[in-house]
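The primary structure of each chain is shown beneath.
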Amino acid sequence: MAFMPWSSALELGIASIDTQHHWLVDATNRLHDELSQPEPDRAVIGKILEGLVEYTVNHFVLEESLFQQYGYEENAAHKAEHDGFTAKVMQLLLQFEQGANVGVDTLELLKTWLQHHIMIVDRAYVPFLKSHGVA
């Protein structure tokens, strides 16, 4: 069983965003799988972390551009959440690149943040975007 199984509870019904969320969940599971190895490969961990940072930033740009395009009133608050998470993930990558190990605490941070952000914070904008024809 996956560390963070994808489920319909994580789907928002907006295809482009769901696809990106699914990738982020899969990347978290790949990180878990590598860290569960008897001797985790730092190069693999580094690539996964770099991918998470890059993909997360691009995903947030997509959401924020939709908010701007349609005038979402909660744009600033949502962007602040994005900025906070981006800073955390970039700090994790920097610490890793400086020799720190990645452990269960990192996985729990990713899992908890993604679940909360998708199921609560992101779900709040779905009616707004759907009312503007975003599907």
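Anything mentioned here points back to the structure above.
Being a predicted model, the structure only gives us computed values, none of them experimental.

Procedures and definitions
Chains are numbered independently. Their residues run from 1 in the order of the written sequence. Selection of residues for local features in this predicted model requires a pLDDT of at least 70, selection of side-chain atom pairs for listing and counting requires 80 or more, and totals for whole chains, interfaces and linings are taken over all residues. Excluding hydrogens and water, the side-chain values take into account all heavy atoms of the structure. A helix here means a DSSP run of H or I that spans at least four residues, while a strand means a run of E at least two residues long, and both kinds are numbered starting from the N terminus. Values of the radius of gyration come from C-alpha atoms, whereas the globule rule sets the reference at 2.2 Å times the count of residues to the power 0.38. Classification of residues uses two cut-offs on accessible area relative to the type maximum, computed with a 1.4 Å probe and protein chains only: under 20% is buried, over 50% is exposed, and between them is partly exposed. In a helix, the anticipated span is given by 1.5 Å times the number of residues less one. Polar contacts here mean pairs of N or O atoms no more than 3.5 Å apart (in protein, one a potential hydrogen donor and the other a potential acceptor; neighbouring residues in sequence count only if both atoms are side-chain atoms). Pairing of aromatic side chains here covers Phe, Tyr and the six-membered ring of Trp, requires ring centres within 6.5 Å, and sorts the geometry by plane angle: under 30 degrees stacked, over 60 edge-to-face, intermediate tilted. The criterion is that NZ of a Lys, or CZ of an Arg, lies within 6 Å of the ring centre and within 35 degrees of the ring normal, and then a charge sits over that ring. Think of a nonpolar core as a cluster: buried Ala, Val, Leu, Ile, Met, Phe, Trp, Tyr and Cys residues, connected wherever their side-chain atoms sit within 4.5 Å. Note on contacts: a residue pair is in contact if any heavy atoms of the two residues lie within 4.5 Å. Axis definition: a line fitted to C-alpha atoms, limited for helices to the stretch in contact. Angles are taken between N-to-C directions and run from 0 to 180 degrees. What sets the label is the angle itself: under 35 degrees gives roughly parallel, over 145 gives roughly antiparallel, 65 to 115 gives roughly perpendicular, and the rest give oblique. Amino acids are sorted into nonpolar (Ala, Val, Leu, Ile, Met, Phe, Trp, Tyr, Cys and Pro), charged (Asp, Glu, Lys and Arg) and polar (every other residue, Gly among them). For this analysis, a salt bridge means a side-chain nitrogen from Lys or Arg found within 4 Å of a carboxyl oxygen belonging to Asp or Glu.

### Considering the overall build of the chain
Helix and strand counts for the chain stand at 5 helices and 0 strands. Listing every helix and strand of the chain by position from the N terminus yields α-α-α-α-α. What you see for the chain is a C-alpha radius of gyration of 15 Å, in line with the 14 Å of a compact globule of 135 residues. Its C-alpha atoms give the chain principal-axis dimensions of about 50 × 30 × 20 Å.

### Here we look at the environment of His116
Within the secondary structure, His116 is located in helix 4 (residues 104–122). Overall, the relative accessible area of 36% leaves His116 in the partly exposed class.

### What about helix 2 (residues 42–70)?
Taking 1.5 Å per residue, 29 residues should reach 42 Å; helix 2 reaches 42 Å between its end C-alpha atoms and fits that length. Looking at where helix 2 begins, the residue whose side-chain oxygen comes 2.8 Å from the main-chain nitrogen of Ala43 is Asp41. Among the residues trailing helix 2, Gly71 stands out with phi positive, at a value near 75 degrees.

### Points about the packing of aromatic side chains
Counting across every chain of the model gives 8 aromatic pairs. Between Phe67 and Tyr72, the ring centres sit 4.7 Å apart and the planes meet at 40 degrees, which makes this aromatic pair tilted. By relative accessible area, Phe67 is classed as buried at 1%. Residue Tyr72 is classed as buried on the basis of its relative accessible area of 11%. Feature note: the residues Phe67, Tyr72, Tyr125 and Phe128 constitute an aromatic cluster, connected by ring pairs. One residue, Arg30, lies across the ring of Trp23, its end atom 5.2 Å from the ring centre. Here Lys111 stacks its cationic end above the ring of Phe3, 4.7 Å away from the centre of that ring.

### Examining the nonpolar core
Of all hydrophobic cores here, the largest spans 34 residues; its most connected members are Leu31, Tyr125 and Leu129. Contributing elements (two or more residues each) for this core: helix 1 (15–35), helix 2, helix 3 (75–97), helix 4 and helix 5 (126–131). Broken down by element, this core gets its largest block of residues, 8 residues, from helix 2. When residues no more than four places from it in sequence are discounted, the contact partners of Leu129 are Ile14, Ile17, Leu66, Phe67, Tyr70 and Val134.

### Some words on the packing of helix 2 against helix 4
In contact at an axis separation of 15 Å, helix 2 and helix 4 are set at 10 degrees when each is read in the N-to-C sense. By the angle between their axes, helix 2 is roughly parallel relative to helix 4. Across from Leu52, His59, Phe60 and Glu63 in helix 2, the residues of helix 4 making contact are Leu110, Trp113, His117 and Asp122. Tallied by class, the residues present in the contact of helix 2 with helix 4 amount to 4 nonpolar, 2 polar and 2 charged.

### Notes on the side chain of Thr86
Position of Thr86 among the secondary structure elements: in helix 3. Excluding anything up to four places from it in sequence, Thr86 contacts Val57 and Phe60.

### Remarks on the pattern of salt bridges
Considering all chains together, one arrives at 1 salt bridge under this definition. The salt bridge involving Lys79 is made with Asp83; its shortest N-O contact spans 3.2 Å. Taken together, the positions of Lys79 and Asp83, both in helix 3 and 4 residues apart, correspond to about one turn of that helix. The exposure class assigned to Asp83 is partly exposed, which follows from its relative accessible area of 40%.

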